[in-house]
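# Coordinate inspection notes
Listed here are the chains, written in short residue letters.
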Amino acid sequence: TSQLMDNYVRYFGRILANSFYPVLHRAIGVGSAFEGWSPREQDVVYRVLIPMTPPRGHSFHLELDSAEERPVRNFRVRVQLECTCTTEQQYDNMLCFLHHSEEELRGNQDPSLLDTLCTSSYLDVQKTARWFYQLVRAIWPALPQAHNWHLTLPPSTRSCQIKVTNGSESFRTEILFGVQRDDSDIFVSSQTREAYTPSTTWPEYYGVAELKFFKYIAREAPIDSLHLKCLQFFTRLMLGFSFPTYIMKTIVMHLLNVTPVSLWRRRDFLMRLLDIGDSLYLCVQAKRLKHFIVGNPRLPMAIIVPPDIQRMRSYNLLQYLEQQPAAHTQAIYECKVL
């Protein structure tokens, strides 16, 4: 998957070099498959995030959508035209979108990003996904993988789904698009979190920061550390239960952050499993589990988050148990079964 994505991004760079579409950067593998654990080995979806930066003559401005109080914050990406009059030589005599007439621009230059992938000056997720699908389909025949693999593109409105098969094997990849917040490990992404998310809404995304946390632990941990096996064991065990996988992942991240990495060796396997089970039960009883990234003052220094993320009050991943008594009763029962 990484090689396929790298090949794609190389070709994107050539095709889009002089365009006014977003600049696509090297894909970042995110989620369980790249963190080293996966609850379903037979049915893995490789999720990658492709960072985007503005094309020449444009800038991106992230605007917090504060209309509603919700745990995960939503942003909009406002696209603004920038004057390029003083940099025309640098950009092969590109015309300035701000200071040349519409007639000159229409006759001599491709339309700006505002006229292609935006809705009311805001970058549109669905338009971006449709554009990306067209790129993927057009470039596929030129890639080395096209000789031995068959490409199918299942429909998706806010990401790009790719499935490649060669008869005996198949791989599924979900491509998300993201815009980085400053120089941090936090992005706003095309990932949806609700049944309906407006097309100009980009939810805050913590997957890259979480990936960096697992990489940090891998560097610090002894060779025979079983922290990933513990997480995999529990998430597989929970597949028949109502707990989201992300709950178990968050509990294990919190434990890894406070328990010395030397205590996750093979001989400690049973004790760590008991710790995870006890933590889950205590969290369910209290109906409270803090998000790992947001408002966590004990993050390793290697993980870079914007100051407002550090200052925020961590939100509760089990808040739904407070609002739904039947779900809380079911969760307590499932903990006892486990």
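Residues numbered from 1 in each chain as written. Predicted model: local features only at pLDDT ≥ 70, side-chain atom pairs only at ≥ 80, totals over all residues. Heavy atoms only, no water.

This brings us to the domain arrangement of the chain. Once the domains are mapped, the chain shows domain 1 (1-207) and domain 2 (221-337). On a C-alpha basis, the centres of domain 1 and domain 2 stand 31 Å from each other. With 18 residues of domain 1 in contact, the opposing surface of domain 2 contributes 20 residues. Here domain 1 and domain 2 share an interface that buries about 1,700 Å² over both sides, 60% of which is from carbon and sulfur atoms. There are three salt bridges connecting domain 1 and domain 2. Its salt-bridge partner being D308, residue R73 comes within 2.7 Å of it at the nearest N-O pair. For the pair domain 1 and domain 2, the interface holds five residue pairs in polar contact (both at pLDDT 80 or more). (Domains from an automatic or database assignment. Contact = heavy atoms within 4.5 Å. Buried area = accessible area lost by both parts, 1.4 Å probe. Salt bridge = Lys/Arg side-chain N within 4 Å of Asp/Glu carboxyl O. Polar contact = N/O pair within 3.5 Å; in protein donor to acceptor, adjacent residues only side chain to side chain.)

For strand β5 (residues 74-81) and strand β12 (residues 202-205), the ladder comprises two bridges, and the chain directions are antiparallel. Each bridged residue has a counterpart across the sheet, and for N74 the counterpart in β12 is P203. By the bridge criterion, two bridges tie strand β11 (residues 187-189) to β12 in an arrangement that is antiparallel. Counted as the bridge partner of V188 is E204 from β12. (Pairing = 2+ DSSP bridges. Helix = DSSP H or I, 4+ residues; strand = E, 2+ residues; numbered from the N terminus.)

Within the secondary structure, Q109 is located in the loop between α3 (102-108) and β6 (118-119). Not counting residues up to four positions away in its chain, the partners in contact with Q109 are F20, M94, L95 and F97.

It is worth spelling out the packing of helix α7 (residues 245-258) against helix α8 (residues 269-286) at this point. Packed helix pairs are specified by the crossing angle of their axes together with the interaxial distance, meaning the distance between the axes. Contact pair α7 / α8: the axes reach a minimum separation of 10 Å and the direction vectors enclose 115 degrees. Helix-helix and strand crossings are classified by hand; for α7 and α8 the assignment is right-handed. Here α7 contributes I247, M248, I251, V252 and L255 to the contact with α8, which in turn contributes D275, I276, S279 and L280. Residue composition of the contact of α7 with α8, grouped by class: seven nonpolar, one polar and one charged. (Axes fitted to C-alpha atoms, helices over the stretch in contact; angles between N-to-C directions. Left-handed = near helix turned anticlockwise from the far one by under 90°. Nonpolar A, V, L, I, M, F, W, Y, C, P; charged D, E, K, R; others polar.)

So, on to the packing of aromatic side chains. For the coordinates displayed, the defined rule picks out twelve aromatic pairs. A centroid spacing of 5.5 Å and a plane angle of 25 degrees characterise the contact between Y8 and F12, whose relative ring orientation is stacked. Of the two residues, Y8 and F12 are both situated in helix α1 (residues 2-15); the distance of four residues between them amounts to about one turn of the helix. Accessibility assignment for this pair places Y8 and F12 in one class, buried. The residue whose ring lies beneath R76 is Y122, and the NZ or CZ to ring-centre distance is 4.0 Å. (Phe/Tyr/Trp six-rings, centres within 6.5 Å; stacked < 30°, edge-to-face > 60°. Buried < 20%, exposed > 50% of the residue type's maximum accessible area, 1.4 Å probe, protein only. Lys NZ or Arg CZ within 6 Å of the ring centre and 35° of its normal.)

Another point: the state of the cysteines. Considering all chains together, one arrives at zero disulfides under this definition. Not engaged in a disulfide, the cysteine C85 finds its nearest cysteine sulfur in C83; these two sulfurs lie 3.6 Å apart. With no disulfide partner, C118 has as its closest neighbouring cysteine sulfur the one in C96, 17 Å distant. For C118, a relative accessible area of 6% gives the class buried. (Disulfide = S-S within 2.5 Å.)

The biggest cluster of nonpolar side chains holds 42 residues, and the ones touching the most others in it are I276, L280, V284 and I293. Take this core: its biggest share by element is seven residues, from α7. When we break this core down by domain, the ones giving at least three residues each are domain 1 (1-207) and domain 2 (221-337). Once residues within four sequence positions are removed from consideration, I276 is found in contact with C230, F234, M248, I251, V252 and L255. (Core = buried A, V, L, I, M, F, W, Y, C linked by side-chain atoms within 4.5 Å.)

The end-to-end C-alpha distance of helix α11 (residues 325-337) is 19 Å, a good match for the 18 Å that 13 residues give at a rise of 1.5 Å each. If you check which residues of α11 are buried, you get A327, H328, A331, I332, E334 and C335. Relative to the axis of α11, the buried residues are bounded by an arc of 165 degrees and lie together on one face. What points out from α11, more than 90 degrees from its buried face, is the exposed set P325, A326, T329, Y333 and K336. On its buried face, α11 is in contact with α8 and α10 (319-323). (Expected span 1.5 Å × (residues − 1). Arc of directions from axis to C-beta.)

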